[in-house]
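# Fold and contact review
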Amino acid sequence: MSSISPAIAKKRVRKIGGSPLNQLGSFLFVLPYLIVFALFLAYPIIFGISVSLQHWNPMIGSGGFVGLGQYLGLFNMQSLTAQIFWTSFMNTAIFVVISVPFLVGVPLILAYLIYNAPVKGFFRAIFFFPSILSATSVMAVWAWLLQTQGGPINQIFGLHIPWLVRQPWAWVSIDLVTVWWSMGFNLIIIYAGITQISDTTISAAAIDGAGFLRTFRSIVVPQLRNVLSVVFIMSTIASFNLFAQPFLLTGGGPGQSTTSLSQEIYNQGFGLNHMGSASAMAFMMGLILAAVSFVQYFMVREGRS
Amino acid sequence: MVTHKWQRAIILVVLIIGSIVMLFPFAWLVSTSLKPLADAFDGNFIPQHLTFSNFTQILANGSAASVGQWLGNSIFSAISTSILVMLLDSLAAYGLARLHFLGKKVVFYVLVGSLMVPFIAILIPLYLEFANLNLLDTYGALILPYTSNAFGVFLLYQFFLSIPKELEEAAIIDGANKFQMWRKIFLPLSIPATATLGMMTFMGVYNDFFWPLVATSSNSMRTMTVGVALMTIGPYSTNYPLLMALTIFSMIPTLIAFIFAQRQLLQGVATTGINI
């Protein structure tokens, strides 16, 4: 082995770039990942944009170039596609609006309670547990629990609520299941945030006479601002992508009232073989989602400064 | 900070009630799977006629569910994906965090931007691409699409940034090249973070439903999640004890992973919020 003096070694580490051959060597580390990135993410995006500009049937391929026609069609309220798109968009928006406050609020409160309780690890594990389950197992269990006739929940509480087949119960059920299923993920993130608030801050508040609730309101929530905004934006994105809960619990019903945007895109593409217009819908959804996250991000940043 | 005993008591009571609510569906799942069909709707938590016949019926030859095959497909594709992701992401993260080459910044921002793309946007083109490659309904379709996610690159990137420069300097003195540096220093030091990534990838692939639903079509290539879903809306739709037993089968791998790697998993989730 050649030996190099520490001073030269330090220089080599600090030196940016190096010879072209050296740089090529460095690039080789990133290359394998970039290949799969190009094949299975970048290419599909570009190909998808191209498909969305054509009539496309999976059996025959392109059925002619239509330009932005399918995007514009989504704004022509006379067309069936536009009606379907915006109805399912509204359904998804309703879900986002009712689910996100619970997906942030409930874990926030629970994380603070756990932080102040004994056996913290035990409670964290229990509340996180449903997050490890697949959509299908969660929906299989809840579809059974929420049966109107003879379902355990109605039996135990002596109710006769048509959980999955009548509104507004269908939304209540989907929301309940979603919070039960995925709240633990946010809880772990928020809990990690609470543990990062310095003990001095919290004990200083205690010395000043701040009680349990006062500390929560005046110290914990303001200090968690960053973490809560990340959780808020991530939950909005996740809720916007709603698919499995209505697909497997209510089948999108009653009527079309819980059919989500993702499910509608799936129906258009794989049910009706309209892959071109389904791609246009998907990209429109992507654009709307990007716009919403962008606005949220700046709202949150504005609030911070 | 909590000064009063009664406050501690209330917190504990609230959390215990919360825990019961969280575990209640799971308890009923187990209870129903141990009942004969005739007792499914009897409303008793404790099965009156305890039976394991639902489990044996699912595993029996000629059962509508091919549990062994589906479970095998899911586990094989989830483990293969995890290994690939850990390797590719570790190399790329090392290159981005510790090495220099022309265009590194561009690559970095392209990867950041890619995290914003919702899966639904690439669902259809990905499907068409795999159809063109004749890879639909193969293990390739169940593994390759998951390798492109940039999440793991950032997870390890953050970790590699935190490794002190002195270690690199010492290795250069010993005459190590870049690959040896990754192999002998960065990879071993990042085992906990890499294991966390592998764990999260395993869970993500094992639990995914949307993509395997469209990417597979023959019964022998179905994954556990899709298989269970097809039974839910198909042959088992009214036989809840059978369906619950099947659901328990589908949970076994993730339950085992959760029990043995809970700490890594929770750590991984916690860093998700701090990284972004």
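Just so we're clear, the structure is a prediction, and the values are computed from it rather than from any experiment.

## Digging into the overall build of chain B
Counting its regular elements, chain B contains 13 helices and zero strands. Secondary structure elements of chain B, listed N to C terminal, follow the sequence α-α-α-α-α-α-α-α-α-α-α-α-α. Relative to a compact globule of 276 residues, whose C-alpha radius of gyration would be 19 Å, chain B shows 24 Å and is clearly more extended. Within the span of chain B, comprising 276 residues, buried residues form 54% of the whole. In chain B, the share of contacts with a sequence separation of at least 24, taken over all contacts with a separation of at least 6, comes to 70%.

## Some remarks on the pattern of salt bridges
All names here are of chain B. By the definition in use, this model includes two salt bridges over all chains. Between Glu168 and Arg98 there is a salt bridge, with the nearest N and O atoms lying 2.4 Å from each other. Of the two residues, Glu168 is situated in helix α8 (residues 165-173) and Arg98 in helix α3 (residues 67-98); the sequence distance between them amounts to 70 residues. When its relative accessible area of 5% is taken as the criterion, Glu168 is described as buried. Arg98 gets classed as buried once you look at its relative accessible area, which sits at 11%.

## Digging into the interface of chain B and chain A
Taken residue by residue, the interface counts 97 residues in chain B and 98 residues in chain A. Together, the buried faces of chain B and chain A total about 8,600 Å²; carbon and sulfur atoms form 80% of this surface. There are zero salt bridges connecting chain B and chain A. Here chain B is connected to chain A by 14 residue pairs in polar contact (both at pLDDT 80 or more). Ranked by residue count, the leading element in the side of chain B that touches chain A is helix α1 (residues 5-33) of chain B, at 18 residues. Split by residue class, the side of chain B that touches chain A holds 67 nonpolar, 21 polar and nine charged.

## Quick look at the side chain of Asn73(B)
Mapped onto the fold, Asn73(B) is located in helix α3. When residues no more than four places from it in sequence are discounted, the contact partners of Asn73(B) are Tyr139(B), Ser220(B), Met221(B) and Arg222(B).

## As for α1(B)
Residue and element names in this part refer to chain B. The end-to-end C-alpha separation of α1 is 42 Å, in line with the 42 Å expected for 29 residues at 1.5 Å each. Residue Leu23 marks the point of greatest curvature in α1, where the axis turns by about 40°; the proline Pro25 follows within four residues. Regarding α1, the residues found buried are Gln7, Ile11, Leu15, Gly18, Ser19, Met22, Pro25, Trp28, Leu29, Ser31, Thr32 and Ser33.

## Observations concerning the domain arrangement of chain A
Residue and element names in this part refer to chain A. Its domain assignment divides chain A into domain 1 (18-70) and domain 2 (71-304). The straight-line distance from the C-alpha centre of domain 1 to that of domain 2 is 31 Å. Taken together, the contact between domain 1 and domain 2 spans 14 residues of the former and 12 residues of the latter. Summing the contributions of domain 1 and of domain 2, the shared interface buries around 960 Å²; its carbon and sulfur component is 63%.

## Looking at the domain arrangement of chain B
It is common to report an interface's size as the accessible area lost on association of the parts. Residues and elements named next belong to chain B. Domains assigned within chain B are domain 1 (5-53) and domain 2 (67-275). The partner domain 2 presents 10 residues to the 10 residues of domain 1 that form the contact. A buried area of about 730 Å², summed over both sides, lies between domain 1 and domain 2, and 87% of it is on carbon and sulfur atoms. Ranking the residues of domain 1 by area buried against domain 2 places Leu29, Ser33 and Leu37 at the top, with a combined share of 56%. Applying the counting rule to domain 1 against domain 2 returns zero salt bridges. For the pair domain 1 and domain 2, the number of links is zero residue pairs in polar contact (both at pLDDT 80 or more). Class assignment for the residues of the side of domain 1 that touches domain 2 results in seven nonpolar, two polar and one charged.

## Side note on empty space enclosed by the protein
Residue and element names in this part refer to chain B. The final tally for this structure, using the stated rule, is three cavities of 30 Å³ or more. Lining the largest cavity, in full, are Ser74, Ser77, Leu142, Tyr146, Val205, Tyr206, Pro212 and Thr223. Among the secondary structure elements, those contributing two or more residues to the lining of the largest cavity are α3 and α10 (191-207). For the lining of the largest cavity, the class distribution of residues is five nonpolar, three polar and no charged.

## Points about the environment of Ser198(A)
Among the secondary structure elements, Ser198(A) is positioned in the loop between α8 (169-196) and α9 (199-207). Each C-alpha atom of the pair Ser198(A) and Ser79(A) lies 58 Å from the other, and the pair is 119 residues apart in sequence.

## Overview of the environment of Gln57(B)
The residue Gln57(B) is located in helix α2 (residues 53-59) in this model. Excluding residues within four positions of it along the chain, Gln57(B) makes contact with Ser63(B) and Leu242(B).

## Some remarks on the packing of helix α5 (residues 120-128) of chain A against α8(A)
Contact geometry for α5(A) and α8(A): axes closest at 8 Å, N-to-C directions at 145°. Between α5(A) and α8(A), the contacting residues are Lys120(A), Arg124(A), Phe127(A) and Phe128(A) on the first element and Met183(A), Gly184(A), Phe185(A), Leu187(A), Ile188(A) and Tyr191(A) on the second.

## Regarding the environment of Thr259(A)
Within the secondary structure layout, Thr259(A) lies in the loop between α12 (244-249) and α13 (261-271). Dropping the residues within four chain positions of it, Thr259(A) is found in contact with Ser88(A), Asn91(A), Gly252(A) and Glu264(A).

## Quick look at unusual backbone geometry
Between Gln167(A) and the following residue, Pro168(A), the backbone shows a cis peptide bond with an omega angle of 0°. The backbone of Val119(A) shows a phi angle near 40°, a positive value even though the residue is not glycine. Counting through the fold element by element, Val119(A) comes out in the loop between α4 (80-115) and α5. Of note, the phi angle at Asp137(B) is positive, near 65°, even though the residue is not glycine. Here Asp137(B) is to be found in the loop between α5 (119-132) and α6 (139-143).

What counts and how
Residues numbered from 1 in each chain as written. Chains lettered and ligands numbered in written order. Predicted model: local features only at pLDDT ≥ 70, side-chain atom pairs only at ≥ 80, totals over all residues. Heavy atoms only, no water. Helix = DSSP H or I, 4+ residues; strand = E, 2+ residues; numbered from the N terminus. Rg over C-alpha atoms; globule rule 2.2 N^0.38 Å. Buried < 20%, exposed > 50% of the residue type's maximum accessible area, 1.4 Å probe, protein only. Contact = heavy atoms within 4.5 Å. Salt bridge = Lys/Arg side-chain N within 4 Å of Asp/Glu carboxyl O. Buried area = accessible area lost by both parts, 1.4 Å probe. Polar contact = N/O pair within 3.5 Å; in protein donor to acceptor, adjacent residues only side chain to side chain. Nonpolar A, V, L, I, M, F, W, Y, C, P; charged D, E, K, R; others polar. Expected span 1.5 Å × (residues − 1). Bend = angle between axes of the 7 residues up to and from the residue. Domains from an automatic or database assignment. 1 Å grid on protein atoms, 1.4 Å probe; cavity = no way out; pocket = protein on both sides within 12 Å on 5 of 7 lines; lining within 4 Å. Points joined across faces, edges and corners; volume = space filled by probe spheres on them. Axes fitted to C-alpha atoms, helices over the stretch in contact; angles between N-to-C directions.

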